[in-house]
Amino acid sequence: MHNVTFALEGALKVLLAGLVLGAGLPAVFALGIRSLAYGVGGDAEVDHAPPHPIGRLLAVLCFAVVLGGVALGITIVVASGFGKEVVFDPILPVIVDKD
């Protein structure tokens with residue numbers, strides 16, 4: 001019975017990571033595109049509203065999160081190719097030698 005519990009816990013972790021990394025970043029990018037349209041206003045909106053600066057700010061934040069995720073993914077792949085690994089000691093990622 002313990003093996004089934006361990007397998008289900010592992011499957012849940014893989015599912016959550018897939019949702020966050022697989023569908024999460026495209027969803028944040030889509031939110032950034034929508035926020036950019038809201039920030040521009042005018043012809044980008046159905047009701048031709050005036051521009052909203054908060055929309056542009058939210059778009060920039062969303063795009064920064066997506067670029068950070070892509071950069072972190074590339075860093076992990078490249079570090080692995082050089083025989084190193086990326087660890088998150090306190091908060092920030094650090095490249096260290098593999099044990």
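Predicted model only: the values in this text are computed from it and were never measured. (Residues numbered from 1 in each chain as written. Predicted model: local features only at pLDDT ≥ 70, side-chain atom pairs only at ≥ 80, totals over all residues. Heavy atoms only, no water.)

Helix and strand counts for the chain stand at two helices and two strands. The linear arrangement of helices and strands in the chain, starting from the amino end, is α-α-β-β. Here the chain has a C-alpha radius of gyration of 19 Å; the compact-globule value for 99 residues is 13 Å, and the former is much larger. The buried share of the chain, taken over its 99 residues, is 13%. For the chain, the exposed surface amounts to about 7500 Å²; the carbon and sulfur share of it is 75%. (Helix = DSSP H or I, 4+ residues; strand = E, 2+ residues; numbered from the N terminus. Rg over C-alpha atoms; globule rule 2.2 N^0.38 Å. Buried < 20%, exposed > 50% of the residue type's maximum accessible area, 1.4 Å probe, protein only. Areas by Shrake-Rupley, 256 points an atom, 1.4 Å probe, with all protein chains shown as cover.)

Another point: the packing of aromatic side chains. Under the counting rule described, the total for this entry stands at one aromatic pair. Measuring from centroid to centroid gives 5.5 Å for Phe 29 and Phe 63, while their planes differ by 45°, and the two rings are tilted. Taken together, the positions of Phe 29 in helix H1 (residues 2-40) and Phe 63 in helix H2 (residues 53-81) put the pair 34 residues apart, joining distant regions of the chain. You can call Phe 29 partly exposed: its relative accessible area is 42%. A relative accessible area of 23% means that Phe 63 is categorised as partly exposed. (Phe/Tyr/Trp six-rings, centres within 6.5 Å; stacked < 30°, edge-to-face > 60°.)

Time to look at the pairing of strand S2 (residues 93-97). Across five bridges, the pairing between strand S1 (residues 84-88) and S2 is antiparallel. Residue pairing for S2: Val 86 is matched across the bridge by Ile 95. The antiparallel hairpin formed by S1 and S2 contains four residues in its connecting segment. (Pairing = 2+ DSSP bridges.)

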